[in-house]
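Here's the letter readout for the chains.
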Amino acid sequence: MAGKVTSYYLAEDSVPLPPPDAEVFTTACDYCIVGCGYKVYRWPIGREGGPKASQNALRVDFPTAIMSGGWVSPNMHNIIMVNGRLHHVVVMPDKDAKVVNVGGNHSIRGGVLAKKLYNPNEPSQDRLRQPMMRVRGTLQEVSWDTAMGVMAGISKHVLDKHGEHAWAMKTYSYQYFENTYAISKLAFRAIGTPAYSPHDKPGPGPDTPGIDFSGINPFSASYDDWGEAEVIFFSGVDPWETKSVLFTSWIMGGKTPNKKLVFALPRKTSGVAYGEKRGGLFLPVIPGTDTVLQLAIIRLILENGWEDKEFIARKVSNKWEIGSGMGRGTRNTPWQWVTTWGKYGTDFEGYKKWILSYTYAELERAAKITGVPAADIRKTAEILAKPKPDGTRKKTSFMLEKGNYWCNSFGNTASFAALGLVCGAGSRPGRVISRGGGHQRGWMGAAHYPRALSPEKAPGRRKKEIDLDRWVVDGHVRFAWVIGTTWCQAMAASQELMDVFQRLTRRNPHQIESFDVDTAVDALKRRVDAGGMVVAHQDIYPVSPIGTEYSDLILPAATWGEEDFTRCNGERRLRLYSKFADPPGEARPDWWIIAAFARKMGFKGFDWKDSNQIFEEAARFGRNGVLNYHPLVVKAKREGKRGHELLREYGTEGIQTPIRMVKGELVGTKRLHDETLELGTPEGPTMHRKWLTSFGTQSGKAVLLKSYWEDFKDFYDRVTPQGDELWVTNGRINELWQSGYDDKRRPYIMQRWPQQFLEIHPKDAGARGIESGDLVAIENDDLLVQTGGYIGVDGKEQTFTELMKAGRIKKSKGSFTAVAMVTDAVREGVTFAYFGFPENPANSVVHRVPDPLTNRYRYKLGKGKLKKIGESPHKHSLTSLSFVPRTL
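Residues numbered from 1 in each chain as written. Predicted model: local features only at pLDDT ≥ 70, side-chain atom pairs only at ≥ 80, totals over all residues. Heavy atoms only, no water.

Trainee: Any chance you could explain the sheet that holds strand β26 (residues 726–731) here in plain terms?
Mentor: What holds strands together in a sheet is hydrogen bonding between their backbones, with the strands either parallel or antiparallel. Here we have 6 strands rolled up into a closed barrel, ordered β26-β30-β27-β29-β28-β31, and mixed in their pairing. Direction aside, the axes of adjacent strands within the sheet are offset by 45° on average. Of the strand pairs in this sheet, β26 and strand β31 (residues 862–871) are connected by 3 bridges, and their pairing is antiparallel. Bridge pairing in β31 places Leu726 opposite Gly864. (Pairing = 2+ DSSP bridges. Helix = DSSP H or I, 4+ residues; strand = E, 2+ residues; numbered from the N terminus. Axes fitted to C-alpha atoms, helices over the stretch in contact; angles between N-to-C directions.)

If you want it as structure tokens, here you go:
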């Protein structure tokens with residue numbers, strides 16, 4: 001546990017009310033993709049507001065009902081520092097919100113936002129407050145000048161002697177435009193390294209390649225669309241568990257509250273139970289088989305003539321349109337060669353001919369492979385696509401998330417996109433194809449990833465993004481800067497990766513023995529020249545093991561509430577996340593740290609004075625993208641304002657990007673690819689990109705992509721559990737966020753989820769003598785890890801079968817422990833763990849063999865043998881870790 005966390009939450013029976021003159025700030029939640037709007041009330045310690053509406057800033061008479069929107073829970077209050085003075089702060093959902101969390105709706109995660117703020121008398125007391133350097137094996141405080149001097153000294157040596165490929169960054173991709181712009185400007189423009197990877201995958205590139213390559217932006221939908229839909233097909237996601245306000249405000253509500261919900265998941269969840277009760281359907285798909293399920297549904301739709309013929313004729317590319325505008329060049333981008341080289345991209349008639357003769361799309365065969373009853377597959381086709389009795393079509397939308405694309409990234413997403421297009425979705429209100437989302441959208445690139453420099457190449461002249469984990473394991477990285485991520489636990493074969501970090505850092509004989517900058521740099525030079533690696537970790541808390549055990553330098557970062565930041569939520573809604581608290585000690589925003597290092601290196605263009613300067617500079621580089629806010633910056637300058645200040649005026653409502661200027665006023669964009677959107681002549685800085693009203697292809701029409709089960713089958717057959725092995729899949733739950741970096745410091749949350757858990761079917765549990773509350777070990781002694789294989793020449797050289805023949809796949813081991821939860825909510829033969837418990841990472845039993853087409857891991861396809869090793873303290877206690885089913 002961190003800080004002063006105890007096993008039990010000691011409930012408070014009172015909370016101070018903000019006085020009428022309390023300062024008020026607007027912000028949005030720091031956590032999930034929904035990005036609910038919040039208001040912050042701040043006032044000096046020593047006085048409080050009163051219970052009458054005239055006596056408090058909330059303008060509410062107390063006592064008041066919990067659901068009134070004016071009630072303040074103890075977890076919404078904290079004590080912070082402002083300019084060195086103690087202040088009260090209350091962070092509560094905006095009860096006046098008209099968008100996103102209408103009326104002040106909020107999740108349990110957002111409801112405890114105030115507790116993430118630094119308070120030396122609360123569990124957040126262990127925030128990183130000072131730069132540190134590991135001297136003689138111990139992390140010790142140093143100045144910023146010393147830390148930057150050592151980092152710059154060893155970086156110059158690595159770049160000069162080992163090249164930019166040996167200088168790596170592993171960072172978040174979501175933590176505000178100001179920070180990610182600075183990161184990308186350093187990595188891609190100043191350094192020019194291809195050795196970069198986002199927090200949740202081994203390298204850059206699209207998360208949902210089949211959707212992207214079809215011409216559909218994965219965040220094209222608005223929340224209104226989910227509310228207006230009459231039917232929604234969910235693949236690999238239950239929004240109730242992962243983005244609760246999207247579910248409770250828009251899917252349960254919206255324009256069409258009585259909608260039908262179809263879920264394709266390996267376990268039944270709260271959202272599934274809600275959907276089934278209202279006429280929906282649960283498809284208990286075996287992990288990894290979504291491609292076959294989706295193809296079978298498409299085939300049934302086509303066999304019955306239920307496809308949206310009019311939409312397909314207007315919006316789906318024919319043969320000529322697929323290749324239009326391509327010329328005869330190398331087509332050296334993934335979406336070009338995937339769509340136009342003949343194997344995948346096709347017109348509707350070609351797709352129909354293929355799927356009606358494709359054996360893996362046959363109903364009975366699909367039912368056997370997926371584990372979903374044939375009758376339910378047939379019923380799903382009817383729910384999604386069969387016209388109403390009057391001949392009109394249903395408004396059917398399609399949402400997917402990681403349970404889909406972290407199994408078979410291209411095959412699952414290409415067949416998902418095709419299913420949506422066949423049903424007429426993608427470009428109309430209530431008829432969308434989109435991600436539900438995980439993190440908010442905070443990436444603003446200052447330069448493109450230098451794919452041409454990547455050491456990886458698919459067969460032919462086709463470069464692809466790096467697999468940074470494999471690059472590290474194979475000994476090619478000499479310096480790694482890690483920002484805002486656990487790295488090891490977040491990646492596949494976690495423990496095997498930890499062993500490599502330990503060997504390259506702490507077990508290397510060359511360690512820092514002096515605080516002198518030159519002496520420290522010399523020691524690190526000897527390490528990297530001997531094949532070792534230097535690690536710098538930048539975060540808000542001590543992170544084990546990447547920071548506490550492996551890092552040579554620790555850099556303390558400021559976070560939400562401690563700087564003015566901006567980013568967008570899942571419907572591209574841009575808001576200002578206001579600064580209202582001091583960061584602890586010497587902690588600084590990530591952009592500030594990046595800039596200080598860049599100046600130490602002698603790079604130009606990193607002399608920003610505040611985050612607004614970055615926001616305004618970055619606006620020029622986002623003009624062609626879906627997060628374009630450049631018109632807002634232009635309007636701010638016309639009005640003599642700073643960009644942040646104009647955005648502050650939009651409060652918790654913000655404005656949806658891409659922003660357009662119409663008659664001098666700023667106008668947001670509700671959805672992308674919107675055929676109902678009427679555009680006039682572009683005004684001023686406005687950019688009218690084709691994908692505003694059409695799909696993102698040369699012709700403006702979507703591309704149907706074939707998805708062959710054979711592309712994935714050799715790997716899938718090899719990793720399918722054998723004997724007494726079980727699938728070990730993983731995912732999110734409502735109460736926790738990511739690695740629990742804040743949650744671990746909240747007794748309120750930790751009492752509910754004190755440690756890792758594993759859902760297991762009663763039959764599987766009974767066969768192993770396991771009961772709810774037992775402590776079980778999950779071990780995979782058949783863990784597959786790819787080595788080498790960066791360059792493909794022959795067309796099949798990078799397939800799993802050929803990698804095996806070439807000796808590129810080795811066996812390793814992985815394990816973790818968890819508290820058993822016996823429940824029939826998970827299907828037989830499958831277990832489910834939380835994905836992000838850092839002390840017990842479920843990814844330890846996940847194979848580190850990426851998809852050869854996309855370089856994406858199959859995180860949801862772990863496996864292992866289970867063994868009871870004792871009883872947990874929670875088995876006979878009623879104080880924490882409830883074993884009540886989540887399918888109420």
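After that view of the structure, there is still more to cover.
Trainee: Is there a simple way to explain the sheet that holds strand β13 (residues 396–400) in this structure?
Mentor: In spatial order, the strands read β11-β10-β9-β13-β14; together these 5 strands make up an open sheet with parallel pairing. At either margin of the open sheet sits one strand with a lone partner, and together these are β11 (281–284) and β14 (433–435). Taking each pair of neighbouring strands and ignoring which way they run, the sheet shows an average axis angle of 15°. Its contacts with the sheet place helix α6 (residues 244–251) against β9 (231–235), β10 (260–265) and β13, and it is angled at close to 155° to β10. Along the sheet, helix α7 (residues 270–277) makes contact with β10 and β11, crossing β10 at roughly 140°. (Contact = heavy atoms within 4.5 Å.)

Trainee: What exactly am I supposed to notice about the packing of aromatic side chains here?
Mentor: The geometry of an aromatic ring pair is captured by the separation of the ring centres together with the interplanar angle, meaning the angle of the planes. Following the criterion strictly, the structure yields 50 aromatic pairs and no others. These aromatic residues form a ring-pair network of at least three members: Phe213, Tyr344, Tyr351, Trp354, Tyr358, Tyr360, Phe410 and Tyr708. In this structure, Lys402 packs its charged tip against the face of Trp406, placed 5.5 Å from the ring centre. Its end group placed over the ring of Phe715, Arg858 keeps NZ or CZ at 4.0 Å from the ring centre. (Phe/Tyr/Trp six-rings, centres within 6.5 Å; stacked < 30°, edge-to-face > 60°. Lys NZ or Arg CZ within 6 Å of the ring centre and 35° of its normal.)

Trainee: What should I look at first to understand unusual backbone geometry in this one?
Mentor: Residues other than glycine predominantly adopt negative phi, and peptide bonds predominantly adopt the trans conformation. With an omega of 5°, the peptide bond running from Phe62 to Pro63 counts as cis. By secondary structure assignment, the location of Pro63 is in the loop between β2 (37–44) and β3 (77–82). Backbone geometry at His673 places phi at a positive 60°, although glycine is not the residue there. The topology assignment puts His673 in the loop between β24 (665–667) and β25 (704–705).

Trainee: Whenever I open this one, the pairing of β2 confuses me. Can you help?
Mentor: Walk down a regular strand and you will see the side chains alternate between the two sheet faces. Within β2, 6 of the 8 residues are buried, leaving the element largely enclosed by the surrounding structure. In the sheet, strand β1 (residues 23–28) pairs with β2 via 6 bridges, with the strands oriented antiparallel. The residue of β2 that forms the bridge with Phe25 is Val40. When β2 meets strand β4 (residues 85–93), the two strands line up antiparallel, connected through 7 bridges. If you follow Pro44 over to β4, its bridge partner there is His87. (Buried < 20%, exposed > 50% of the residue type's maximum accessible area, 1.4 Å probe, protein only.)

Trainee: Could you clarify how one ought to interpret the pattern of salt bridges in this entry?
Mentor: Working definition: two side chains of opposite charge can pair if their charged atoms are close together. Taken as a whole and judged by the stated rule, the model has 65 salt bridges. For Arg848, the salt bridge is made with Glu496, and the minimal N-O distance between the two is 2.6 Å. Of this pair, Arg848 sits in the loop between β30 (830–834) and β31 while Glu496 sits in helix α18 (residues 494–504); the two residues are 352 residues apart in sequence, bridging distant segments of the chain. You'll find Arg848 and Glu496 in the same group, each marked buried. We note a salt bridge from Arg648 to Asp564, for which the minimum N-O separation is 3.3 Å. Of this pair, Arg648 sits in helix α24 (residues 643–648) while Asp564 sits in the loop between β19 (553–556) and β20 (565–568), and the two are 84 residues apart along the sequence. (Salt bridge = Lys/Arg side-chain N within 4 Å of Asp/Glu carboxyl O.)

Trainee: Could you clarify how one ought to interpret the layout of surface pockets in this entry?
Mentor: As a volume, the second largest pocket reaches approximately 700 Å³. Those elements that provide at least two residues to the lining of the second largest pocket are α16 (409–422), α25 (710–719) and α28 (800–805). Looking at the lining of the second largest pocket residue by residue, the classes come out as 11 nonpolar, 6 polar and 9 charged. Viewed by domain, the lining of the second largest pocket spans two of them, domain 3 (209–438) and domain 4 (713–871), each represented by three or more residues. (1 Å grid on protein atoms, 1.4 Å probe; cavity = no way out; pocket = protein on both sides within 12 Å on 5 of 7 lines; lining within 4 Å. Points joined across faces, edges and corners; volume = space filled by probe spheres on them. Nonpolar A, V, L, I, M, F, W, Y, C, P; charged D, E, K, R; others polar. Domains from an automatic or database assignment.)

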